[in-house]
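Structural description and commentary
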Amino acid sequence: MDRDAPQEAKLTYAKYKKSMLYSLLLLLFLSAVLSIVYLMTSSNISREREMRQYAELGNMQASLLTELNIVGTDLAYYAHSELAVSTLEDKDPKAKRYLTSLMFQIGNLYKHYDQIRLLDDRGDEVIRIDQLRDNSLQLVPDEALQNKADRYYFRELAGLKPEEIYASPFDLNVEHGEVEQPLKPTIRFATPIYSMAGDFIGAGVINYKGKDLLQIIDDLNVHEGDRVYLLNHKGFYLKGDQPDKEWRFMFPEREQLGFDSDYPTAWRRMQQSELGKVVTDDGEYYFSRFKLAPHSLFNIVNRESAYLVMFVPESTIEAAQQNLTNSALIAFLLVSPMFIFLAYKLAGAQVEQQRLFSQLTFDARHDALTGLYNRSAIIEYLGKSISRSRRQKAQLAVSFIDVNDLKKTNDLHGHEAGDDLLKGVASVINMSIRDGDFAARIGGDEFLIVFVDCDGSCASEIMERIQAAYGVMGLGKTGKEWSLSFGCTQLLHETDDVDSIIERADSLMYEHKTGQKNQLLP
Ligand SMILES: Nc1nc2c(ncn2[C@@H]2O[C@H](COP(=O)(O)OP(=O)(O)OP(=O)(O)O)[C@@H](O)[C@H]2O)c(=O)[nH]1
């Protein structure tokens, strides 16, 4: 019986299964590639952010120091000039006029000074230029000049070597013991002036407007959402995100709050290095500790450390991460249909190849007209069956069938009618033999059946039934009984091979056909 027919449903299922498997594998591959790209890009993003923040921090710090360097240069320029010495030592009015004009020029060129002064060795102001609220400069008249001998910056000068500059702490201006309102952040720079003989003869003093320094920080902070702090060495805000918390060290009556109490973890880590990054749950703090004073070229004393801190909130970091996640997701959604299509095509091609191969295998072993096996298939099967029956000492029978009057039918009723005879035989055989039996069309009108576990008489009985059913089939289809001739024989265990058993069955069929015998046992 035919058990090799390709099953379309089975192939469709196989195609579906393979498509699923390949899709899964390709999508896994895609996910792995995207994950690797995601991780690499993510670490690049955080590295780039880190580099950018450090660069901005460095840029801010450099800008602050450049600003202070200008103050140092200006102070040294007029205070260490011969005009200053002549004014103080020789009381030369001409030199004083020239020096005043020079100090005006300095004040005009660089509008960040509240006061530019020359003091004598007793602390008396000799020349004083004030910047007014409208930024214009005013030379303070002689009668309004004051003595500053008791001020800390004048006292500090006593211990300074020539050319050294004293930089005061960055704090608020105090007038008559009260913090001046509105707040006036100030850094005072003072330098001693010595005569040619080396005697202390006076000092140059510049009050620098600290507000302008803080403005630089705001101007350079280009990232929306990022916060920048300037802290003094004790952690107090010189510039914070809440004006109320700034300059607390100037107001002892208020709670002494600072960055150190607001962000103790970050503050602790900031004590350990000059430059670094602290990662917290709220975001990343990038910090730099540096001296808030002009360059060391100016022999600065009393350099005070300050901290410049940039804070990148977690929301900014997450937004960048979210962008990346979205891009990865979009890439996955765009590419995965392509991969699924590819998987479907691949599976389709494979299953089609499989189908063609089974079709070829089927065709190579089957007769196209009847669907029964062909000659080479039954010869192979018979050979194996003889060996097995011999081993198991089992019975085996063969029937040779020849369709009667095929030529006549062809000639009289056409080839299609002849084909019907052949298909009829196959159909009757298929209905009559058992699962283990094997039937084939081995020639034009010749058929062979191998009956397993069956002897000659058993085969003859089945053939009688087949013959009878075939006759009835012919009657039903054409009104005339169809007939066939057959010869049955059983395996002779000692002597038979494939050819001999077929030959014997053929001869018996021939005898049957010629009417000499009906069914004979060997
Ligand atoms: N319709 C049809 N005819 C075929 C096919 N294969 C072979 N034949 C024809 O079958 C005929 C067989 O002729 P014969 O061997 O004389 O057989 P028969 O006509 O049945 O005569 P007997 O066997 O003596 O009854 C030939 O004319 C073949 O051309 C086929 O596939 N279809």
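Residues numbered from 1 in each chain as written. Predicted model: local features only at pLDDT ≥ 70, side-chain atom pairs only at ≥ 80, totals over all residues. Heavy atoms only, no water.

**Quick notes on the packing of helix 1 (residues 8–79) against helix 5 (residues 210–220)**
Rule in force here: Comment: axis = line fitted to C-alpha atoms, over the contacting stretch for helices; angle = value between 0 and 180 degrees taken between N-to-C directions. Runs of E in the DSSP output that reach at least two residues are strands. Runs of H or I that reach at least four are helices, and both are numbered from the N terminus. Between 65 and 115 degrees an angle is taken as roughly perpendicular, under 35 as roughly parallel, over 145 as roughly antiparallel, and anywhere else as oblique. Helix crossings fall into two classes, left-handed where the near helix is turned counterclockwise from the far one by less than a right angle and right-handed where it is turned clockwise. Working rule for contacts: check all heavy atoms of both residues, and any pair within 4.5 Å makes them a contact. Polarity classes work like this: nonpolar for Ala, Val, Leu, Ile, Met, Phe, Trp, Tyr, Cys and Pro, charged for Asp, Glu, Lys and Arg, and polar for all others, with Gly in that last group.
The geometry of helix 1 relative to helix 5 is characterised by a closest axis approach of 10 Å and an angle of 150 degrees between their N-to-C directions. The pairing of helix 1 with helix 5 is recorded here as roughly antiparallel in orientation. Remark: the crossing between helix 1 and helix 5 carries right-handed chirality. In contact with Asn 59, Met 60, Ser 63, Leu 64, Glu 67 and Leu 68 of helix 1, helix 5 contributes Leu 213, Ile 216, Ile 217 and Leu 220. The class makeup of the residues in the contact of helix 1 with helix 5 is 7 nonpolar, 2 polar and 1 charged.

**Topic: the state of the cysteines**
Rules: Only a pair of cysteine sulfur atoms within 2.5 Å qualifies as a disulfide here. Exposure is judged per residue with a 1.4 Å probe applied to protein chains only, and the accessible area is read against the type maximum: over 50% gives exposed, under 20% gives buried, and values in between give partly exposed.
All told, the structure shown has 1 disulfide when counted by the stated rule. Sulfur-sulfur distance for the disulfide between Cys 454 and Cys 458 comes to 2.1 Å. Judged by the torsion about the S-S bond (-105 degrees), the Cys 454/Cys 458 disulfide is left-handed. Considering cysteine sulfurs only, Cys 454 is the nearest to Cys 488, which forms no disulfide, with 8.4 Å between them. With relative accessibility at 2%, the residue Cys 488 sits in the buried group.

**Quick word on the side chain of Gln 115**
Rule in force here: Here a polar contact is taken to be a pair of N or O atoms separated by no more than 3.5 Å, where protein atoms must pair a possible hydrogen donor with a possible acceptor and residues adjacent in sequence count only if both atoms sit in side chains.
In this fold, Gln 115 is placed in strand 1 (residues 113–120). With a relative accessible area of 12%, Gln 115 lands in the buried category. Polar contacts involving the side chain of Gln 115 include one to the side chain of Arg 117, which spans 3.0 Å. Beyond its immediate chain neighbours, meaning those up to four positions away, Gln 115 contacts Arg 128, Ile 129, Asp 130, Val 205, Ile 206 and Asn 207.

**Topic: the UniProt feature "transmembrane region" (unreviewed entry) in the protein**
The condition that has to hold: UniProt positions are given in the numbering used here, feature names are shortened, and annotations may be inferred rather than shown by experiment.
Mapped onto this structure's residue numbering, the UniProt feature "transmembrane region" (unreviewed entry) falls at residues 21–41. Annotated as residues 21–41, this span is 100% helix and 0% strand, and its ends, taken at the C-alpha atoms, are 30 Å apart.

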